[in-house]
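# Architecture at a glance
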Amino acid sequence: GAVVSQHPSRVICKSGTSVKIECRSLDFQATTMFWYRQFPKQSLMLMATSNEGSKATYEQGVEKDKFLINHASLTLSTLTVTSAHPEDSSFYICSASEGGAEQYFGPGTRLTVT
Amino acid sequence: GEDVEQSLFLSVREGDSSVINCTYTDSSSTYLYWYKQEPGAGLQLLTYIFSNMDMKQDQRLTVLLNKKDKHLSLRIADTQTGDSAIYFCAENNAGNMLTFGGGTRLMVKP
């Protein structure tokens, strides 16, 4: 099946710094990638949708200047959490789609902001 | 708006069948999905069903869809301890965005 990787799997950063998370589709070209956030013991909340070569579409309530998304190629999307604060600590999961019904998820990145 | 609901918890004995239920509200969904999440991991796509189907079987997994009642279920036959995880149902919306249910934690007792 299709494989999506994320890097890093875990990151700890200090308040005020920025953190970049990478999402890669390893064996297929992802026309669309999605970024989700998951709080402990809760469901996934869609943050934004990104299509290769165009600006991301953010969900209501998600600050685009805080969560910068770049989808520069058909196999790579990045999420940068800028000026991170402790409330940004969460599990961030990306998914990728070739445009069909299937959407494949990465293993997630646990961000802890101290 | 879209709303997807699941029961929080299900406990079964190893070897029994598990049935996880889900209700959704968006009648325009084209596909409905079941994902599995193990602790600290991402989501694994288990199966999905096209909205004009009422059943799909894949090895130990059976998905039933009642479109009239907007009810989706996942049956796992011969449940194993390795099936212990959180199961999310999801429906797709415009742009293929997914709306997830809250997840059902399945505990399999030996």
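Let me sum up the structure you'll find in this document. (Residues numbered from 1 in each chain as written. Chains lettered and ligands numbered in written order. Predicted model: local features only at pLDDT ≥ 70, side-chain atom pairs only at ≥ 80, totals over all residues. Heavy atoms only, no water.)

### Some thoughts on the overall build of chain B
- When helices and strands are tallied, chain B shows zero helices and 11 strands.
- Mapped in sequence order, the helices and strands of chain B form the string β-β-β-β-β-β-β-β-β-β-β.
- Over its C-alpha trace chain B gives a radius of gyration of 13 Å, about what one expects of a compact globule, namely 13 Å for 110 residues.
- Dimensions along the principal axes, computed over C-alpha positions, put chain B at roughly 40 × 30 × 20 Å.
- For chain B, buried positions account for 46% of its 110 residues.
- For chain B, the exposed area adds up to about 5,400 Å²; of that, 49% sits on carbon and sulfur atoms. (Helix = DSSP H or I, 4+ residues; strand = E, 2+ residues; numbered from the N terminus. Rg over C-alpha atoms; globule rule 2.2 N^0.38 Å. Buried < 20%, exposed > 50% of the residue type's maximum accessible area, 1.4 Å probe, protein only. Areas by Shrake-Rupley, 256 points an atom, 1.4 Å probe, with all protein chains shown as cover.)

### Quick look at the packing of aromatic side chains
- Evaluated as defined, the whole model comprises 13 aromatic pairs over all chains.
- Centroid distance Phe105 of chain A to Phe100 of chain B: 5.7 Å. Interplanar angle 75°. Geometry classified as edge-to-face. Of this pair, Phe105 of chain A sits in strand 10 (residues 104–105) while Phe100 of chain B sits in strand 10 (residues 98–100), each in a different chain.
- The exposure class of Phe105 of chain A is buried, given its relative accessible area of 7%.
- Relative to Phe50 of chain B, the ring of Tyr31 of chain B has its centre 5.1 Å away and its plane inclined at 45°; by these criteria the two rings are tilted. Taken together, the positions of Tyr31 of chain B in strand 4 (residues 31–37) and Phe50 of chain B in strand 5 (residues 43–50) put the pair 19 residues apart, joining distant regions of the chain.
- For Tyr31 of chain B, a relative accessible area of 23% corresponds to the partly exposed category.
- The rings of Tyr36 and Phe105 of chain A together with Tyr31, Tyr33, Tyr35, Tyr48, Phe50, Phe88 and Phe100 of chain B are connected pair by pair, giving a single aromatic cluster.
- One cation-aromatic arrangement involves Lys56 of chain B over Tyr48 of chain B; the distance from NZ or CZ to the ring centre is 4.4 Å. (Phe/Tyr/Trp six-rings, centres within 6.5 Å; stacked < 30°, edge-to-face > 60°. Lys NZ or Arg CZ within 6 Å of the ring centre and 35° of its normal.)

### As for the side chain of Glu91 of chain B
Residues and elements named next belong to chain B.
- Among the secondary structure elements, Glu91 is positioned in strand 9 (residues 85–92).
- One buried charged residue, Glu91, remains without a salt bridge, the closest side chain of opposite sign being Lys70 at 8.8 Å.
- A distance of 2.7 Å separates the side chain of Glu91 from the side chain of Ser29, its partner in a polar contact. (Lys, Arg positive; Asp, Glu negative; His and termini not counted. Salt bridge = Lys/Arg side-chain N within 4 Å of Asp/Glu carboxyl O. Polar contact = N/O pair within 3.5 Å; in protein donor to acceptor, adjacent residues only side chain to side chain.)

Purely geometric numbers; function is a separate question.
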